[in-house]
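# What the coordinates show
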Amino acid sequence: MREGTAIVGGLILVGALLQLTVGPVDWAMFAFPLNIIQFAFFLLVLGITYAVHKHSYIIRWSMSLLAAVPAIAGCVLVTLVMGITGWDEMLSWWPFVLVYVWLMAILGLTTIHHIFQRPSLRQFTFICNHLGLFLAMTCGVLGHADMQRLHMTTRVGSPEWRAVDADAADAPVRELPLAVELHSFTIDEYPPVYQVIDNETGKVVKESQWTVRQDSLLEYAAIVYGATDSLGNQDANRYVEWRSMGACTAAYVTATDGHSTVSGWVTCGSFMFPFKGLRLDDRCSVVMPDREPRRYASEVTVYTEGGGQYDATIEVNHPLEVDGWKIYQYGYDESMGKWSTTSVFQLVHDPWLPYVYLGIYMMLLGALCLFLLPRNN
């Protein structure tokens, strides 16, 4: 495998020189239709190369494991280097691109070779695995230039059809072939937690002697100033049920350290009401941090240029797919919390994705055949 290792090493060296001289690979230059032309040209070169393989030892060698193993190892190596160094623009790094193209050439030639062999179930399994991998990897890379990842900010009652590039700073506003109208935004939250903090530093006391018990909880509450507490003290604040915009979560808690007991209200606050903790002694207080969202979702209507209208609920990890666009729940107005009237969506359009899926399904079929078909076929 010395020759294969030398080729991979040479490609990495040439790629490093290109990276230093001409800069990273600009995939925006290879958007449609150039990527289609590239793919067709690559297939043409592979076909011509295979047509003369009987007259060339180098071409026959490139279809063997002696060439494939060093190429795979080279891809793994450069990927590990980029992972360790934190370089996240893998497809713009010349060493990776050159080694990747070399590996795809080996994979393509090997697949063509087996396509022209005597038909058998074993050949079918081999072709499914290798052709599927070839499609998934080549279409995934070539489609990178055509992928659009946009952010759209919507407000309740106002259809929005404009978005900005999610990966570019100061990107221009783009008009889309669809519009999203936000009807409502909701958050389901985890139950509140209570922490004992240091009064001076504000840090959590990890080994506190205080234990906290929740006596009552108001999911939607408003503060009442100048009330009288259970001991008859004036100007104590208490909370009452209040289901209106800006309501906060408030809890009446009791804390004890075995010697003394302190009771009172705590709240994480909202955009309308302030945060409030309960002072336990000169050193500690108990507080309610902001509640963690368990699920947040948007009720929307999506309109398309073709006259389509789709009512849906979009939530995290459950996108809506319309006309080749996937619409993900991305964010909201965190300053308003669960009362947010703004929802941020991420819209992704990848026209090459169906071909990547086709390659994956072919590999799954090939893997299934490996398990089910007899070895002698």
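An account of the accompanying structure is given in this report. (Residues numbered from 1 in each chain as written. Predicted model: local features only at pLDDT ≥ 70, side-chain atom pairs only at ≥ 80, totals over all residues. Heavy atoms only, no water.)

Attention now goes to the nonpolar core. Ranked by size, the top nonpolar core spans 37 residues in total, and within it Trp 27, Leu 46, Phe 96, Trp 102, Met 104, Ile 106 and Phe 134 carry the most contacts. Secondary structure elements with two or more residues in this core: helix 2 (34–51), helix 4 (65–85), helix 5 (94–115), helix 6 (121–142) and helix 7 (353–372). Top contributing element to this core by residue count: helix 5, with 12 residues. Discounting chain neighbours no more than four positions away, the residues touching Met 104 are Phe 42, Phe 134, Met 137 and Thr 138. Val 180, Leu 182, Trp 325 and Ile 327 belong to the second-largest nonpolar core, a separate cluster that totals 17 residues. (Core = buried A, V, L, I, M, F, W, Y, C linked by side-chain atoms within 4.5 Å. Buried < 20%, exposed > 50% of the residue type's maximum accessible area, 1.4 Å probe, protein only. Helix = DSSP H or I, 4+ residues; strand = E, 2+ residues; numbered from the N terminus. Contact = heavy atoms within 4.5 Å.)

In contact at an axis separation of 7 Å, helix 1 (residues 2–21) and helix 5 are set at 145 degrees when each is read in the N-to-C sense. Here helix 1 and helix 5 pass one another in a crossing that is right-handed. Across from Ile 7, Val 8, Leu 11, Ile 12, Val 14, Gly 15, Ala 16, Leu 18 and Gln 19 in helix 1, the residues of helix 5 making contact are Trp 94, Pro 95, Leu 98, Val 99 and Trp 102. (Axes fitted to C-alpha atoms, helices over the stretch in contact; angles between N-to-C directions. Left-handed = near helix turned anticlockwise from the far one by under 90°.)

What follows deals with the sheet that holds strand 10 (residues 284–287). With antiparallel pairing, the 3 strands of this open sheet are ordered in space as 4-10-9. Looking at the sheet topology across the chains shown, the edges are occupied by strand 4 (195–198) and strand 9 (278–279). (Pairing = 2+ DSSP bridges.)

Turning to the environment of Gly 157, a few remarks are in order. Looking at the element boundaries, Gly 157 is found in the loop between strand 1 (148–155) and strand 2 (160–165). When neighbours within four sequence positions are excluded, Gly 157 is seen to be in contact with Glu 181 and Leu 182.

Here helix 2 crosses helix 6 at 145 degrees, and the two axes come no closer than 10 Å. Crossing of helix 2 against helix 6: the hand is right-handed. Along its contact with helix 2, which presents Asn 35, Gln 38, Phe 39, Phe 42, Leu 43 and Leu 46, the element helix 6 presents Phe 134, Thr 138 and Leu 142. Partitioning the contact of helix 2 with helix 6 into residue classes produces 6 nonpolar, 3 polar and no charged. (Nonpolar A, V, L, I, M, F, W, Y, C, P; charged D, E, K, R; others polar.)

In short, the description is geometric, and any link to function would need to be established separately.
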